[in-house]
Amino acid sequence: MPALQVRDFPEHLYEELRICAQREYRSIAQQTIVAVQDYLTKEGKRLEAAEQRAADLERLERIEQRRQVFERIDSRPPFEAPEGFPTPQQIIRELRDSR
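The structure contained in this document is the topic of the report that follows. (Residues numbered from 1 in each chain as written. Predicted model: local features only at pLDDT ≥ 70, side-chain atom pairs only at ≥ 80, totals over all residues. Heavy atoms only, no water.)

1. Things to note about the side chain of Glu 43
With respect to the secondary-structure elements, Glu 43 resides in helix H2 (residues 28-75). A polar atom in the side chain of Glu 43 sits 2.5 Å from the side chain of Arg 46. (Helix = DSSP H or I, 4+ residues; strand = E, 2+ residues; numbered from the N terminus. Polar contact = N/O pair within 3.5 Å; in protein donor to acceptor, adjacent residues only side chain to side chain.)

2. Here's the deal with the environment of Glu 61
One can find Glu 61 in helix H2. Note on Glu 61: relative accessible area 52%, which makes it exposed. (Buried < 20%, exposed > 50% of the residue type's maximum accessible area, 1.4 Å probe, protein only.)

3. Quick notes on unusual backbone geometry
Phi is positive for Asp 8, which is not a glycine, with a value near 55°. Since its relative accessible area comes to 77%, Asp 8 is described here as exposed.

4. Concerning a nonpolar patch on the surface
A cluster of nonpolar residues, Leu 4, Val 6, Phe 9, Leu 13 and Tyr 14, forms a patch on the protein surface that exposes about 490 Å² of accessible area. Looking at the secondary structure, you find Leu 13 in helix H1 (residues 11-23). (Patch = residues over 30% accessible without salt bridge, like charges linked within 9 Å, V, L, I, M, F, W, Y side chains within 5 Å. Areas by Shrake-Rupley, 256 points an atom, 1.4 Å probe, with all protein chains shown as cover. Salt bridge = Lys/Arg side-chain N within 4 Å of Asp/Glu carboxyl O.)

5. Quick look at H1
Taking 1.5 Å per residue as the helical rise, H1 with its 13 residues ought to reach 18 Å, and the 18 Å between its terminal C-alpha atoms agrees with that figure. Count one or two residues on from H1 and you reach Tyr 25, which has phi positive near 60°. (Expected span 1.5 Å × (residues − 1).)

6. Description of the side chain of Gln 31
Within the element layout of this structure, Gln 31 appears in helix H2. Assessed through its relative accessible area of 9%, Gln 31 is described here as buried. Contacts of Gln 31, omitting those with residues within four sequence positions, involve Leu 17, Cys 20, Ala 21, Glu 24 and Arg 26. (Contact = heavy atoms within 4.5 Å.)

7. Focus: the packing of aromatic side chains
What characterises a pair of aromatic rings is the spacing of the ring centres plus the angle enclosed by the ring planes. Under the definition given, this model contains one aromatic pair. Seen in terms of ring centroids, Phe 9 and Tyr 14 are 6.4 Å apart; in terms of plane orientation they differ by 85°. Their pairing is edge-to-face. (Phe/Tyr/Trp six-rings, centres within 6.5 Å; stacked < 30°, edge-to-face > 60°.)

8. As for the pattern of salt bridges
Under the defined criterion, the tally for this structure stands at five salt bridges. Close ionic contact of Arg 18 with Glu 15 constitutes a salt bridge, the shortest N to O distance being 2.3 Å. One end of the pair is Arg 18 and the other is Glu 15, both in helix H1 and three residues apart, which spans about a single turn. Arg 18 sits in the partly exposed class, given a relative accessible area of 32%. Given the relative accessible area of 32%, Glu 15 is considered partly exposed.

9. Thoughts on the packing of H1 against H2
Between H1 and H2, the shortest axis-to-axis distance is 9 Å and the interhelical angle comes to 100°. On the basis of their axis angle, the class for H1 and H2 is roughly perpendicular. The residues of H2 that touch H1, namely those facing Tyr 14, Leu 17, Arg 18, Cys 20 and Ala 21, are Ile 28, Gln 31 and Thr 32. Tallied by class, the residues present in the contact of H1 with H2 amount to five nonpolar, two polar and one charged. (Axes fitted to C-alpha atoms, helices over the stretch in contact; angles between N-to-C directions. Parallel < 35°, antiparallel > 145°, perpendicular 65-115°, else oblique. Nonpolar A, V, L, I, M, F, W, Y, C, P; charged D, E, K, R; others polar.)

Right under this line is the structure:
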């Protein structure tokens with residue numbers, strides 16, 4: 001099992017860690033492991049939340065881009081087919097008949 005040595009550990013933090021360990025009936029090493037696990041778990045959740053926020057922002061940006069595209073489409077004048085232009089149904093029928 002790997003060992004961890006921390007140099008110049010602040011004395012007031014060491015004393016708090018010792019008190020917590022004593023209160024939880026753990027050794028200082030055990031309490032240190034618990035504290036690091038708790039921190040990493042919280043940090044992992046914080047990172048997941050940050051990633052989710054980034055994904056949400058990206059999704060909202062894509063929605064806004066689509067909205068702008070549709071807005072530009074809607075602002076254009078409507079297309080008027082010239083007189084005698086075949087309907088979509090007629091075009092499809094012609095394509096089917098040509099097979």
